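Topology and contacts: notes
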Amino acid sequence: MSKVSPTETERCIESLLAVFQRYAGREGDNCKLSKREFLAFMNTELASFTKNQKDPAVLDRMMKKLDLNSDGQLDFQEFLNLIGGIAVACHDALLIQAPNH
Ligand SMILES: [Ca+2]
């Protein structure tokens, strides 16, 4: 009997969970991203974004803004706010490129 294969959306969610766990599991609390884990994530997974940032304090400010409960770490909800924000920015950029759609 073959298992029902996951949908595209389910695979996206699984991927986000897997990526979060991979970076959060590097040190300390494996359910939260420390500052170093956040920087590793940004510089590896979102390198196309980070390499265009001339100001090294940008990531510091992002981390502070994302850390809603100010515990110095990003939990999965806070991480999803980052992903959601980037997804919205990408979506907006697509709308600017194709104003008739
Ligand atoms: Ca936090």
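Heads up: the structure comes first, above all this text.
Parameters at a glance
- Residues numbered from 1 in each chain as written.
- Predicted model: local features only at pLDDT ≥ 70, side-chain atom pairs only at ≥ 80, totals over all residues.
- Heavy atoms only, no water.
- Buried < 20%, exposed > 50% of the residue type's maximum accessible area, 1.4 Å probe, protein only.
- Helix = DSSP H or I, 4+ residues; strand = E, 2+ residues; numbered from the N terminus.
- Contact = heavy atoms within 4.5 Å.
- Donors = N, O, S within 2.8 Å, 3.2 Å for Na, K, Ca; no water.
- Salt bridge = Lys/Arg side-chain N within 4 Å of Asp/Glu carboxyl O.
- 1 Å grid on protein atoms, 1.4 Å probe; cavity = no way out; pocket = protein on both sides within 12 Å on 5 of 7 lines; lining within 4 Å.
- Points joined across faces, edges and corners; volume = space filled by probe spheres on them.
- Core = buried A, V, L, I, M, F, W, Y, C linked by side-chain atoms within 4.5 Å.
- Axes fitted to C-alpha atoms, helices over the stretch in contact; angles between N-to-C directions.
- Parallel < 35°, antiparallel > 145°, perpendicular 65-115°, else oblique.
- Left-handed = near helix turned anticlockwise from the far one by under 90°.

Observations concerning helix α2 (residues 35-45)
By the burial criterion, the buried members of α2 are Glu37, Phe38, Ala40, Phe41 and Met42. Lining the buried residues of α2 we find α1 (8-24), α3 (47-50), α4 (57-66) and α5 (76-97).

What to know about the coordination of the calcium ion
Donor atoms from the polypeptide that coordinate the calcium ion comprise Asp67 (OD), Asn69 (OD1), Asp71 (OD), Gln73 (O), Glu78 (OE) and Glu78 (OE), at 2.1 to 2.7 Å from the metal. When the donors of the calcium ion are listed by position in the chain, the intervening gaps give D-x1-N-x1-D-x1-Q-x4-E.

Brief notes about the pattern of salt bridges
Tallied over the full model, the rule gives five salt bridges. Here Arg22 makes a salt bridge to Glu45, at a shortest N to O gap of 3.7 Å. On the criterion of sequence distance, the pair formed by Arg22 in helix α1 and Glu45 in helix α2 is long-range, its members being 23 residues apart. Across the pair Arg36 and Glu27 runs a salt bridge whose closest N-O atoms are separated by 2.6 Å.

Focus: the layout of surface pockets
Empty space within the largest pocket amounts to approximately 300 Å³. Taken together, 14 residues make up the lining of the largest pocket; nearest its centre are Phe49, Met62, Leu82, Gly85 and Ile86. Among the elements of the structure, α3, α4 and α5 are those that each provide at least two residues to the lining of the largest pocket.

Thoughts on the nonpolar core
By size, the foremost hydrophobic cluster in this structure holds 18 residues, and its most contacted members are Leu33, Phe38, Phe41, Met42, Met62 and Leu82. Put simply, the parts of the chain that give this core at least two residues each are α1, α2, α4 and α5. Broken down by element, the residue count for this core peaks at five residues, all from α4. Once residues within four sequence positions are removed from consideration, Met62 is found in contact with Phe38, Met42, Phe49 and Leu82.

A short note on the packing of α2 against α4
Two elements in contact, α2 and α4, have axes separated by 11 Å at closest approach and are oriented at 120°. Classified by the angle between their axes, α2 and α4 sit oblique to one another. You can see that α2 and α4 cross each other, and the crossing is right-handed. Packed against α2, whose contacting residues are Lys35, Phe38, Leu39, Met42 and Asn43, the element α4 presents Leu59, Asp60, Met62, Met63 and Leu66 at the interface.

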